[in-house]
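A structural walkthrough
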Amino acid sequence: MHFFPYSSEMSPSSWNRDVSQTPSTAAPELDVIALGRRVRHLRKQAGLTLDDLSAAVGTAPSQLSLIENGKREPKLTLLQHLAGALNVSIDQLLGAEPPSRRAALEIELERYQRGPLYESLDLPKIRISSRLPLDVLEAQVGLLHELERKMNEQVATPEEARRANGELRAMMRERGNYFPEYEAEAQKVLKEVGYTAGPLSQHVIADIAAHLGFTLHHVGDLPHSTRSVTDLKNRRIYLTQSQRQDHDPRSVLLQALGHYVLGHETPKNYGDFLAQRVATNYFAAALLLPEQATVEFLQKAKAAKEIAVEDIRDAFAVSYETAAHRFTNLATKHLGITTHFQKTHQSGIIYKAYENDGVNFPQDHTGAIEGQPSCKAWTSRAVFDVPDKFSAYSQYTDTPSGTYWCTARTERSAAGEFSLSIGVPYQHVKWFRGRETTARATSNCPDPTCCKRPPAELTNQWAGNAWPSARAHSHLLAAMPPGAFPGVDETEVYSFLQAHSGS
Ligand SMILES: [Zn+2]
């Protein structure tokens, strides 16, 4: 894998798993099947019977047979004896490389036959022995591999994608959206380039790239499906020359570096892709708003009962969205404040959401929040109707799960107008600027009579007499192109790298 395109696509709706580059089943620590096959292979190569070898290592033939069949993990002392008797090193015995093509196929077939896919087929198992012709082995493994690939393609539906997203969000909630491992990586990098305080300048970020051994190349022909492309072979990061307003160029570069620093490999499935996105976004934010400085800033604001997302934004020269999102990383861990975050399109559709304060986000049967319409009574919707676009809008909302105070702003981008909101349960509002607001609303969602269903008198008046022509929501219908990086045209990326690597 020699490149890392950073996709600009926000809401992939399907996913085709690429299993061609990875073994069908990830091996846990000690691969007992492979080990067993290797022991048997080496024993036969040495011309020893089961009895011979078991006598040589001082164990019962039945025990050795279990080990060779991959049904028992040998103790270390037995491993040492086996290595000695077979005249190989322990490393060779445990080595990841199987001794031959045939042994590799036998291991693969054994794995398949023990796995859930084979189980579901309800077919008899083939006895794997030296009498099984090599071409039969090849064909059997090839068929199972292809069957697995086809089935993965089928399960990789939008529903699968939404489930992966839901699982990831549950994990983030559990951890209060705080990830010490990414904080540590960011701190390490900042220390190494001698950063001390203040907003992270372009200059410091260029130093970080250089420190990590990358050169930066601003080009006019960056593949349009990407924000950046990293050439891992020549250690180059390609960025666009054009000034696009939607993304802070510092974030784009830091996210590209994040993939490298965090040791990411080509994502195996949609869940993997999402987890990497979360990790690199987090890493970039932890550099732009370093933990210690940001926490000190927030603790001062809390002591003065003046916490405001705008102040974080201004102090660290980041976007409101970045500041609001970073607040969720640090609020629970360092301030003891539970919170929720929402990015909502002007159409009412939620694009991003996080909560660990029990706020009742709308969700579908898979638990997905993104793509759902936000309650019309919520701050995230009400803010669109506020004429003053320069100040934050704050509101109390009474909901079935309690009263929340939320503050929101709108930001315009190429994809339209979005609201960004941060909210907290009532008991935490005392720490925030804007708590004196008199704006108050009631939300009964998820009760459909709250805002999802028209009021009865309007229904009586108009049901059957309205024929709206829907504006097509192409993003809801279009399937994402297959590939490890959803929405990224690999041919375009490879051609791009080919064209630039000579220069
Ligand atoms: Zn509602």
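What this report covers is the structure whose coordinates are included nearby. Quick caveat: nothing in here was measured; it's all calculated off a predicted structure. (Residues numbered from 1 in each chain as written. Predicted model: local features only at pLDDT ≥ 70, side-chain atom pairs only at ≥ 80, totals over all residues. Heavy atoms only, no water.)

Scanning the protein chain for helices and strands turns up 20 helices and 10 strands. Considering only contacts within the protein chain whose residues lie at least 6 apart along the sequence, 64% involve residues at least 24 apart. With an accessible surface of roughly 25600 Å², the protein chain has 53% of that area assigned to carbon and sulfur atoms. (Helix = DSSP H or I, 4+ residues; strand = E, 2+ residues; numbered from the N terminus. Contact = heavy atoms within 4.5 Å. Areas by Shrake-Rupley, 256 points an atom, 1.4 Å probe, with all protein chains shown as cover.)

Within the protein, the atoms that donate to the zinc ion are C375 (SG), C445 (SG), C450 (SG) and C451 (SG), at distances of 2.1 to 2.4 Å. One can describe the site at the zinc ion as tetrahedral: its four donor atoms subtend angles covering 93 to 117° at the metal. Donor residues binding the zinc ion come from one chain and are separated in sequence as C-x69-C-x4-C-C. Placement of the pair is C375 in the loop between strand 6 (350–355) and helix 17 (379–382) and C451 in the loop between strand 10 (440–442) and helix 18 (456–462), with a sequence separation of 76 residues. (Donors = N, O, S within 2.8 Å, 3.2 Å for Na, K, Ca; no water. Tetrahedral: all angles 85-135°; square planar, octahedral: opposite > 155°, others 65-115°.)

Working note: regular strand, side chains alternate between the two faces of the sheet. Counting buried positions over the seven residues of strand 7 (residues 393–399) gives six, a clear majority of the element. As paired strands, strand 7 and strand 8 (residues 402–413) are joined by seven bridges and run antiparallel to one another. Opposite Y393, over in strand 8, you have A408 as the bridge partner. When strand 7 meets strand 10, the two strands line up parallel, connected through three bridges. Note that in strand 10 the partner of T397 across the bridge is A441. (Buried < 20%, exposed > 50% of the residue type's maximum accessible area, 1.4 Å probe, protein only. Pairing = 2+ DSSP bridges.)

Another aspect to go through is the environment of S130. The topology assignment puts S130 in the loop between helix 7 (116–121) and helix 8 (134–155). In the structure, S130 is positioned 28 residues away from R102 in sequence and 9.3 Å away in space, judged by C-alpha atoms.

Attention shifts here to helix 12 (residues 249–261). The terminal C-alpha atoms of helix 12 lie 18 Å apart, and with 13 residues this matches the ideal 18 Å at 1.5 Å per residue to within 8%. In terms of burial, helix 12 is a largely internal element, 11 of the 13 residues being buried. Positive backbone phi, at 65°, marks G263, one or two positions downstream of helix 12. (Expected span 1.5 Å × (residues − 1).)

Turning our attention to the sheet that holds strand 10. Strands belonging to one sheet form pairs held by backbone hydrogen bonds; the direction of such a pair is parallel or antiparallel. Here we have six strands laid out as an open sheet, ordered 6-5-9-8-7-10, and mixed in their pairing. Edge positions in the sheet fall to strand 6 and strand 10, since each of these pairs with one other strand and no more. On average, each strand axis in the sheet is tilted by 25° relative to the strand beside it, whichever way the strands run. Here five bridges tie strand 5 (residues 340–345) to strand 6, and the two strands are oriented antiparallel to one another. Bridging across to strand 6, H340 finds its partner in E355. (Axes fitted to C-alpha atoms, helices over the stretch in contact; angles between N-to-C directions.)

All right, on to helix 10 (residues 180–192) then. For helix 10, with 13 residues, the first-to-last C-alpha span of 18 Å sits near the 18 Å given by 1.5 Å per residue. All of the buried residues in helix 10 are Y182, E183, A186, V189 and L190. Down the axis of helix 10, the buried set is contained in an arc of 130°. They therefore lie on one face. Looking at the buried side of helix 10, the elements it contacts are helix 11 (202–211), helix 13 (270–288), helix 14 (291–303) and helix 16 (320–335). G194 occupies a position one or two residues after helix 10 and carries a positive phi of about 75°. (Arc of directions from axis to C-beta.)

Okay, the packing of helix 10 against helix 13 next. One can describe the packing of helix 10 onto helix 13 by two numbers: an axis separation of 9 Å at closest approach and a directional angle of 45°. By the angle class used here, helix 10 and helix 13 are oblique. Regarding helix 10 and helix 13, the two cross each other, and that crossing is right-handed. On helix 13, the residues that touch Y182, E183, E185, A186, V189 and L190 of helix 10 are A279, Y282, F283, A286 and L287. (Parallel < 35°, antiparallel > 145°, perpendicular 65-115°, else oblique. Left-handed = near helix turned anticlockwise from the far one by under 90°.)

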